[in-house]
Every structure is written in structure tokens, then in C-alpha cells.
Amino acid sequence: MSDESSAKSAAADTRGRRTILLLAAVCVAPVVASYAVYYFFPRSAEVNYGKLLPTAPAPAIEGTTDDGAPFRLADLHGRWVMLAAGANGCDAACERALYATRQAHTMQGKERDRVVRVWLDAGGAPPSPELRAQHPGLVVARVPERVLAALPGTPPGIWLIDPLGNLVLSYPADPDIKGLAKDLTRLLRASRIG
């Protein structure tokens, strides 16, 4: 009998050890997995969609609106500015850029009044009246072509300017609308000005 009871006792001890090792493995596995993912699959440090620009004031942009009134970008200080520009008039790229800025602007809900949309035209035809009707609140200004050369990157494109007049982000002329809207939402939420 004693051999039988010692065999049962040894089997119970083995099961007990297995159970404890299994519990330890279940507890340690998530920690090991998290370290493995952190070190072997690093994420990008950037969470923004647009290209972050070095902190610098936006160039002094001056021109005229469609009705001949003077336009100065500096007059818009105190508000966020989504600036879209093109050198060839309002072609298909212009229409896509205007559509993207309108949608991103609309997605801001009650915060959209903090943002003004501007289209700079350095040549060619400005947006048609039909297109302008689809974009209420859009400021259209004619500027010399040298003004567009002062913007980082090459037009056509979209730039985001903060209420202090600094260039913040740049986007391609045909951006991902959700990415643009998400960047704008984050900035408006974080900003106490504008």
C-alpha cells in the first residue's frame, strides 16, 4: 500500500507543479509578448498625417480678392488657416484640394468657426462661380507667383497655419480627408488660441 500511496502522492505533486508552472506562464506571457512587440515592431513616433514643418512664420502673403479688395494673410491672425494654393488656376487638382479642405472643415462641427479656408491663385482662372457656390466662406485671393515659391514644398498643396501666423503642417493637393480632419481636430482641441 505504501508504494501505491507514494505513487499517488508523487503524481499529485507533479500535477501541482504543472498547475503552478502553467499559471506562472499565463501571467508572464502578456508581459513577454508586450516587450517583444515593443522592441521588434516599433511604431512611428508621428501621429499626424500631414508633414510637420519647422516652426517658422508663414510668408507675408498679399494680393487681391475677386472683388478687388486687398488681401493680407496677416489679417487672418487669431484664426487657424487652411491655405490651398495653385499656379495653374482652378483645375482638377484645385477642385480636389478645395473639396478636401471643405470636408475637413465641416468635420470640425462647432469648432469650424475657428478655421478659415483660403485659396491662393497665382495665375489662370479662379474657381468658377458654380464651384464657389459649393464652398461657402472660402476666401479666394490672387497673388503673384513668387508668393507661392515662398511656401515650403511646391504648389499645388495645402498648408495649415496656426493663429500666431506660423506654418504648422503641409499636405499634398489631394490629401486623405480623414487624416487632414483628424490633424485639425487634434490641433483645435489642444489649442487655447484661435
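Residues numbered from 1 in each chain as written. Predicted model: local features only at pLDDT ≥ 70, side-chain atom pairs only at ≥ 80, totals over all residues. Heavy atoms only, no water.

K.L.:
I tried to follow the overall build of the chain on my own but got confused; where do I start?
P.N.:
For the chain, the helix and strand inventory stands at 5 helices and 8 strands. Listing every helix and strand of the chain by position from the N terminus yields α-β-β-β-β-α-β-α-β-α-β-β-α. Relative to its length of 194 residues, the chain is extended, with a C-alpha radius of gyration of 29 Å against a globular reference of 16 Å. Counting only C-alpha atoms, the chain reaches 110 × 35 × 30 Å along its principal axes. Classification of the 194 residues of the chain by burial places 37% in the buried group. In the form shown here, the chain has an accessible surface area of approximately 11,800 Å², with 60% of it arising from carbon and sulfur atoms. (Helix = DSSP H or I, 4+ residues; strand = E, 2+ residues; numbered from the N terminus. Rg over C-alpha atoms; globule rule 2.2 N^0.38 Å. Buried < 20%, exposed > 50% of the residue type's maximum accessible area, 1.4 Å probe, protein only. Areas by Shrake-Rupley, 256 points an atom, 1.4 Å probe, with all protein chains shown as cover.)

K.L.:
I tried to follow helix H5 (residues 177-190) on my own but got confused; where do I start?
P.N.:
Turn by turn, an α-helix covers 3.6 residues, leaving residues three or four places apart pointing in a common direction. With 14 residues, H5 extends 20 Å from end C-alpha to end C-alpha; this agrees with the ideal 20 Å at 1.5 Å per step. Packing partners of the buried residues in H5 comprise strand S4 (80-86), helix H2 (92-106), strand S5 (115-121), strand S7 (157-161) and strand S8 (166-172). (Expected span 1.5 Å × (residues − 1). Contact = heavy atoms within 4.5 Å.)

K.L.:
Honestly, the pairing of strand S6 (residues 139-142) in this entry has me stumped. Any pointers?
P.N.:
In the case of a regular strand, side chains alternate between the two sheet surfaces. When strand S2 (residues 62-65) meets S6, the two strands line up antiparallel, connected through 2 bridges. Its bridge partner lying in S6, Thr 65 is registered against Ala 141. (Pairing = 2+ DSSP bridges.)

K.L.:
Looking at this structure, I do not really get the pattern of salt bridges. What am I missing?
P.N.:
Oppositely charged side chains can form a pair if their charged atoms are brought close together. Within this structure, the stated rule accounts for 7 salt bridges. Arg 132 is the partner of Asp 66 in a salt bridge, and the nearest nitrogen-oxygen pair spans 2.2 Å. One end of the pair, Asp 66, is in the loop between S2 and strand S3 (70-72); the other, Arg 132, is in helix H3 (residues 129-133), and 66 residues separate them in sequence. According to the relative accessible area criterion, Asp 66 is partly exposed, its value standing at 42%. (Salt bridge = Lys/Arg side-chain N within 4 Å of Asp/Glu carboxyl O.)

K.L.:
What is the right way to read the pairing of S2 from this model?
P.N.:
Bridge count between S2 and S3: 3 bridges; the pairing is antiparallel. Along S3, the bridge assignment pairs Glu 62 with Arg 72. The turn joining S2 and S3, which pair antiparallel and follow one another in sequence, is formed by 4 residues; a positive phi near 90° is taken by Gly 68.

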